[in-house]
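# Observations on chain architecture
Next come the chains, spelled out residue by residue.
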Amino acid sequence: MTPRLVGIVVLLAAFTGCNSKGLVPVEGRVTFAGDEPQAFGYLYFVPREMSIDKLQDRSGPLPGTGSFGTDGFFRGTTFKDGDGLRPGTYEVRLECEGPPPGNLTPDQVHTAPVKSRVPKGFSPPDLVVPASGPRPVRYDVDVTAN
C-alpha cells in the first residue's frame, strides 16, 4: 500500500459512524419511574466545555436538543432533526410539562395550569459522546424524585 492510500484508509476509519459534520447519532428514552411520560418534552444538551474559538470553527461540541413524545423516545439533534451530536461531554437539562394528571374533561385539559413533571432538583447524568465506539450512542433517563 502506498503512503497516500494508507492515509486515506486511516481517515475513513476515523470517521466511521460520524456524518460529514462530525456528528454522532444519539438516541434514547425518557421514562418517569419506569413509566412512559404523560406529556411531550425536551432534552437540552449543553456542552460542558465551550470556547468562542471552538464555536467559531465548530471543532468542539455544539449545543443540541432532543424532543420526545408520550413514548419517551428521542434522537439527538444539532442542525436538523435526529442528525446527532458532536463528540464531547454534555450537561443534560430536561423539560416535560403538561396539565396536572387526573380525570379532566376536554375543556379542562386546555385550561388547566401547566405543571412541570420533572421534580425540582432532578438532574440527569451527563452525556458523553465519544469520537469512536458503538453507534448510535444510547442515552436513557429515568426521572425519579430526589
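Rules and cut-offs
- Residues numbered from 1 in each chain as written.
- Predicted model: local features only at pLDDT ≥ 70, side-chain atom pairs only at ≥ 80, totals over all residues.
- Heavy atoms only, no water.
- Helix = DSSP H or I, 4+ residues; strand = E, 2+ residues; numbered from the N terminus.
- Buried < 20%, exposed > 50% of the residue type's maximum accessible area, 1.4 Å probe, protein only.
- Contact = heavy atoms within 4.5 Å.
- Areas by Shrake-Rupley, 256 points an atom, 1.4 Å probe, with all protein chains shown as cover.
- Pairing = 2+ DSSP bridges.
- Salt bridge = Lys/Arg side-chain N within 4 Å of Asp/Glu carboxyl O.
- Phe/Tyr/Trp six-rings, centres within 6.5 Å; stacked < 30°, edge-to-face > 60°.
- Core = buried A, V, L, I, M, F, W, Y, C linked by side-chain atoms within 4.5 Å.

### Details of the overall build of the protein
A tally of helices and strands in the protein yields 3 helices and 9 strands. Along its sequence from the N terminus, the protein presents helices and strands in the succession α-β-β-α-β-β-β-α-β-β-β-β. Burial status across the protein gives 33% buried among its 146 residues. In the protein, of all internal contacts separated by at least 6 residues, the share reaching a separation of at least 24 is 67%. Carbon together with sulfur atoms contributes 56% to the accessible area of the protein, which is approximately 9,300 Å² in total.

### Section: the pairing of strand β3 (residues 64-68)
Moving residue by residue along a regular strand, the side chains alternate between the two faces of the sheet. Going residue by residue along β3, you find G64, G66 and F68 tucked away on one face and T65 and S67 left uncovered on the opposite face. Taken together, the 5 bridges between strand β2 (residues 41-47) and β3 define a ladder with antiparallel strand orientation. Residue pairing across strands places Y44 opposite T65, the latter belonging to β3.

### Digging into the pattern of salt bridges
For the structure on display, the rule yields 6 salt bridges. A salt bridge links E91 to R93, with the nearest nitrogen and oxygen atoms 3.4 Å apart. Accessibility expressed as a relative area gives 24% for E91, which makes it partly exposed. The salt bridge partner of R138 is D140, with a shortest N-O separation of 3.1 Å.

### Some thoughts on the packing of aromatic side chains
Following the criterion strictly, the structure yields 4 aromatic pairs and no others. Summarising the aromatic geometry, the rings of F45 and F74 are spaced 6.2 Å apart at their centres and angled 35° between planes, so their arrangement reads as tilted. With a gap of 29 residues between them, F45 in strand β2 and F74 in strand β4 (residues 73-75) connect regions that are remote in the sequence. An aromatic cluster is present here, built from F45, F74, Y90 and Y139 joined pairwise through their rings.

### Observations regarding the environment of V118
Its location among the elements puts V118 in the loop between β6 (115-116) and β7 (127-129). According to the relative accessible area criterion, V118 is buried, its value standing at 13%. Sequence separation between V118 and V143 is 25 residues, and the spatial gap between their C-alpha atoms is 6.9 Å. Beyond its immediate stretch of four places on either side in the chain, V118 contacts F32, L94, E95, C96 and V143.

### A few points about the nonpolar core
With 22 residues, the main nonpolar core has V30, F45, L94, L127, V129 and V143 as its most contacted residues. Listing elements by their share of this core, those giving two or more residues are β1 (26-32), β2, β5 (88-98), β7 and β9 (141-143).

### Side note on the pairing of β5
Of the two faces of β5, only one is covered, namely that formed by G88, Y90, V92, L94, C96 and G98; the face formed by T89, E91, R93, E95 and E97 stays uncovered. As paired strands, β2 and β5 are joined by 7 bridges and run antiparallel to one another. Along β5, the bridge assignment pairs Y42 with E95. In the sheet, β5 pairs with β7 via 3 bridges, with the strands oriented antiparallel. Across the sheet, G88 pairs through a bridge with V129, a residue of β7. By the bridge criterion, 2 bridges tie β5 to β6 in an arrangement that is antiparallel.

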